[in-house]
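Chain and residue survey
So you can see what is in the structure, the chains are spelled out below.
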Number of protein chains: 2
Amino acid sequence: MPASPAEASTQIDRIHAVGARATPARIAVLRLLESAESALSHREIEEALATGFDRVTLYRVLDWLVESGLGHRITDGERVFRFSLAAPANASHAEHAHFRCECCGKMFCLADIPVPAPALPAGFSGKAVEYCVTGQCARCETDVSSDES
Amino acid sequence: MPASPAEASTQIDRIHAVGARATPARIAVLRLLESAESALSHREIEEALATGFDRVTLYRVLDWLVESGLGHRITDGERVFRFSLAAPANASHAEHAHFRCECCGKMFCLADIPVPAPALPAGFSGKAVEYCVTGQCARCETDVSSDES
DNA sequence: ACGACACATGCAACAAGGTTGCAACAAAGA
DNA sequence: TCTTTGTTGCAACCTTGTTGCATGTGTCGT
Ligand SMILES: [Mn+2]
Ligand SMILES: [Mn+2]
Ligand SMILES: [Zn+2]
Ligand SMILES: [Zn+2]
């Protein structure tokens, strides 16, 4: 089933809104991230998009995503970058906490949980804060508890 | 100037205390991290230790450092691990905040700043928290301000 | 002091994630 | 439709970190 034209044009508008060209790779990545429940790595995106976009093209789309402000990049603590969409159009992408599941490896944006403000030593000036919790996500938790021996 | 024997024996004792063999590479890394003001990457350690320890040996020493509990590892958000010593012998290495300077790239352990406890959504269970602030460190701040045009 | 043994080291090869240079290509606007 | 300028694909490369295996060495018992 091909993507509905209406859905695609939503993404095209978003791309044009930041003054960029709407290319198939960008549209596909936007659509994928839109439907993702967790932040995705380059690898995951490459696999989800069965279409044969070149590795480098995807890297460049992801760079563009972040630079244009349409998405943001986080590091998952295991040396890989993960990407998700910024808050849809309206609010500026407020700083928020992240959660990484050690079981399934997924990375969640906890948009509801505010990041506590830092208290820095004298002379230090902070700009951004990264707050990431690791543990088990809701799904993995239930999977484990229903797997009693 | 060669390392004082007294200094070296301090490191040797620490290594023996965790039931490990005191090798030149381990002693050198411990001594270096002891005197470091910020968490060091493998690369930085390799360069600081002019001695020709093999790349892999240093990686293994760093792995051992963390596994033995003598040190801890953090990710600096740019896909590299950094290492620093755990609190010297006495207290267990409590969770603490980190600061990464965007200017000089150094990573500081803010041992005094406690990490705020997370409030997670239902079903999620957290184990560890990573709290890292990025900005400008005290030194870079003064360097910039004394560089007025 | 000596020897045995377990553990640590060096080397080479490998792996994953990401970047760069450049020629060919295609959105967007005229 | 044409032109322009930004984007793509490909090949090569880089950085960080890991693995296998033969050789070397710290430690402990004697
Ligand atoms: Mn996020
Ligand atoms: Mn630390
Ligand atoms: Zn999970
Ligand atoms: Zn600095």
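Scroll up to find the structure this text is about.
Reference entry: report on the structure contained in this document.

Conventions and cut-offs
Residues numbered from 1 in each chain as written. Chains lettered and ligands numbered in written order. Predicted model: local features only at pLDDT ≥ 70, side-chain atom pairs only at ≥ 80, totals over all residues. Heavy atoms only, no water. Pairing = 2+ DSSP bridges. Helix = DSSP H or I, 4+ residues; strand = E, 2+ residues; numbered from the N terminus. Contact = heavy atoms within 4.5 Å. Axes fitted to C-alpha atoms, helices over the stretch in contact; angles between N-to-C directions. Parallel < 35°, antiparallel > 145°, perpendicular 65-115°, else oblique. Left-handed = near helix turned anticlockwise from the far one by under 90°. Nonpolar A, V, L, I, M, F, W, Y, C, P; charged D, E, K, R; others polar. Least-squares fit on C-alpha atoms with pLDDT ≥ 70 in both. Donors = N, O, S within 2.8 Å, 3.2 Å for Na, K, Ca; no water. Buried < 20%, exposed > 50% of the residue type's maximum accessible area, 1.4 Å probe, protein only.

What to know about the sheet that holds strand S2 (residues 71-75) of chain B
Residues and elements named next belong to chain B. One open sheet accounts for 3 strands, arranged S1-S3-S2; its pairing is antiparallel. The two strands at the open ends of the sheet, each matched to only one other strand, are strand S1 (40-41) and S2. Strand direction decides the pairing type here: S2 and strand S3 (residues 81-85), joined by 5 bridges, are antiparallel. Across the sheet, the residue bridging to arginine 73 is phenylalanine 83, located in S3. Its contacts with the sheet place helix H2 (residues 24-35) against S1 and S3, and it is angled at close to 85° to S3. Packing against the sheet, helix H4 (residues 55-68) makes contact with S2 and S3, and its axis sits at approximately 110° to S2.

Quick notes on the packing of H2 of chain B against H4 of chain B
Residues and elements named next belong to chain B. Interaxial distance between H2 and H4 falls to 10 Å at its minimum, and their mutual angle equals 65°. Between H2 and H4, the angle is such that the two are roughly perpendicular. The handedness of the crossing between H2 and H4 is right-handed. Each of Ala25, Arg26, Val29, Leu30 and Leu33 in H2 lies in contact with H4, whose residues at this interface are Thr57, Leu58, Val61, Leu62, Trp64 and Leu65. Residues belonging to the contact of H2 with H4 are distributed by class as follows: 9 nonpolar, 1 polar and 1 charged.

Here we look at the relation of the copies chain B and chain A
To go from the first copy of the chain to the second, apply a rotation about an axis and then a shift along the same axis. With an RMSD of 0.3 Å, the operation that places chain B on chain A is a rotation of 178° combined with a shift of 0.0 Å along the axis. This pairing of chains is accounted for by a two-fold axis. Most of the interface of chain B is mirrored in chain A: 100% of its interface residues are interface residues there too.

Digging into the coordination of the manganese ion (ligand 1)
Metal coordination angles have textbook ideals: 109.5 degrees for a tetrahedral set of four donors and 90 or 180 degrees for an octahedral set of six. Residues and elements named next belong to chain A. Within the protein, the manganese ion (ligand 1) binds to His72 (NE2), His96 (NE2), His98 (NE2) and Cys109 (SG); these donor distances fall in the range 2.0 to 2.4 Å. Read from N- to C-terminus, the donor residues coordinating the manganese ion (ligand 1) fall into the pattern H-x23-H-x1-H-x10-C. Here histidine 72, found in strand S2 (residues 71-75), pairs with cysteine 109, found in strand S5 (residues 107-114); they are 37 residues apart in sequence, far enough to count as distant. Assessed through its relative accessible area of 30%, cysteine 109 is described here as partly exposed.

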